[in-house]
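Chain by chain, the residues run as shown.
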Amino acid sequence: MSHVQKELTSQPECWERAAELAVEHRDVLGAPGERIALVGCGTSYFMAQAVAALRETAGQGETDAFAASEFPAGRPYDRVIALTRSGTTTEVLALLGELRGRTATTAITADPDTPVMEAADAVVVMAFADEESVVQTRFATTALTLLRAHLGLHSPQAVADARTALAEPLPEGLVDCAQFSFLGRGWTNGLAQEAALKMREASLAWTEAYPAMEYRHGPISISTAGTATWMFGEAPDGLAEQVGATGALWIEGTLDPLAELVRAQRLAVAVAAVKGLDPDRPRHLTRSVVLPSA
């Protein structure tokens, strides 16, 4: 069994621990009414997008999400929260350095022995969610659960649904598809983007992700027999029927959307196995992007 398989199966337990940790660190995860920005790279950026949408929709304050390298210099925030599994990512550390002394910062990481411990004003360490695989699974969803719990939006049902996602077989014919489109709405847009990234990283699959309402504005043209379209959350009226008419396989997200992401992680590993790929060692990727100093 690959590292990523072992790690993704541990997510229900990790989420339970994260929900408890949220209470302990509530003072550094953003108070209601504060203007917050969340930053990350790759998977962490997509989790930041999901949290930003959740927080704003919950009425807890203006919330933005940025790739760490694209943070708008000079824009005022009460706090910047950085998601970084390794604690070593060049762009995240550079941004935290730039913000020191003028904006409060919090880092959420898995490794307490990394530079981010000194770079951020406050740090939440989730060592129990650290990973050996290059491909992120449990750290990403556990970080999102931490912040979801902080917002009062986590429930035991999400954990139960994650266990269901791990136990039930994948939909028939899904692994054999040649192309995968993932769709989301609101906070699940970030999850759809992450599902597509996971497929590309682990299995070199042709995957795309879109806001569900935008899918009909062009992307649906790629749907046909032998492709799949997977909806995270509630689908817009009529979309399932439109996709079905193309001959594509429609996957309805019936579980908590974060548990649906666990199912997509399983799909990525399954497709990698069919192709004879090692999902722990994705092509051209490393566990952390550390750039040489200029």
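A few points on the structure.

Cut-offs and rules
- Residues numbered from 1 in each chain as written.
- Predicted model: local features only at pLDDT ≥ 70, side-chain atom pairs only at ≥ 80, totals over all residues.
- Heavy atoms only, no water.
- Axes fitted to C-alpha atoms, helices over the stretch in contact; angles between N-to-C directions.
- Helix = DSSP H or I, 4+ residues; strand = E, 2+ residues; numbered from the N terminus.
- Parallel < 35°, antiparallel > 145°, perpendicular 65-115°, else oblique.
- Contact = heavy atoms within 4.5 Å.
- Nonpolar A, V, L, I, M, F, W, Y, C, P; charged D, E, K, R; others polar.
- Polar contact = N/O pair within 3.5 Å; in protein donor to acceptor, adjacent residues only side chain to side chain.
- Buried < 20%, exposed > 50% of the residue type's maximum accessible area, 1.4 Å probe, protein only.
- Pairing = 2+ DSSP bridges.
- Right-handed = clockwise from strand over helix to strand, strands pointing away.

Examining the packing of helix α6 (residues 138–150) against helix α10 (residues 257–275)
(1) Moving on: With their axes 11 Å apart at the nearest point, α6 and α10 run at an angle of 180° to one another. Regarding the angle of α6 to α10, the classification is roughly antiparallel. Packed against α6, whose contacting residues are T141, L144, T145 and R148, the element α10 presents L258, L261 and Q265 at the interface.
(2) Moving on: In the contact of α6 with α10, the residues fall into three nonpolar, three polar and one charged.

A short note on the side chain of S10
(1) Moving on: Following the sequence through the fold, S10 ends up in the loop between α1 (3–9) and α2 (11–24).
(2) Moving on: Side-chain polar atoms of S10 contact the side chain of R138, separated by 3.0 Å.

Notes on the pairing of strand β8 (residues 227–231)
(1) Moving on: Most of β8 is tucked away: five of the five residues are buried.
(2) Moving on: Note that strand β6 (residues 179–184) and β8 share five bridges and pair parallel. For F180, the partnering residue across the bridge sits in β8 and is A228.
(3) Moving on: Of the pairings in the sheet, the one linking β8 to strand β9 (residues 249–251) comprises three bridges and is parallel in character. Bridge assignment links T229 to a residue of β9, and that residue is W250.
(4) Moving on: In this fold, β8 hands off to helix α9 (residues 239–245), which returns the chain to β9; that crossover is right-handed.

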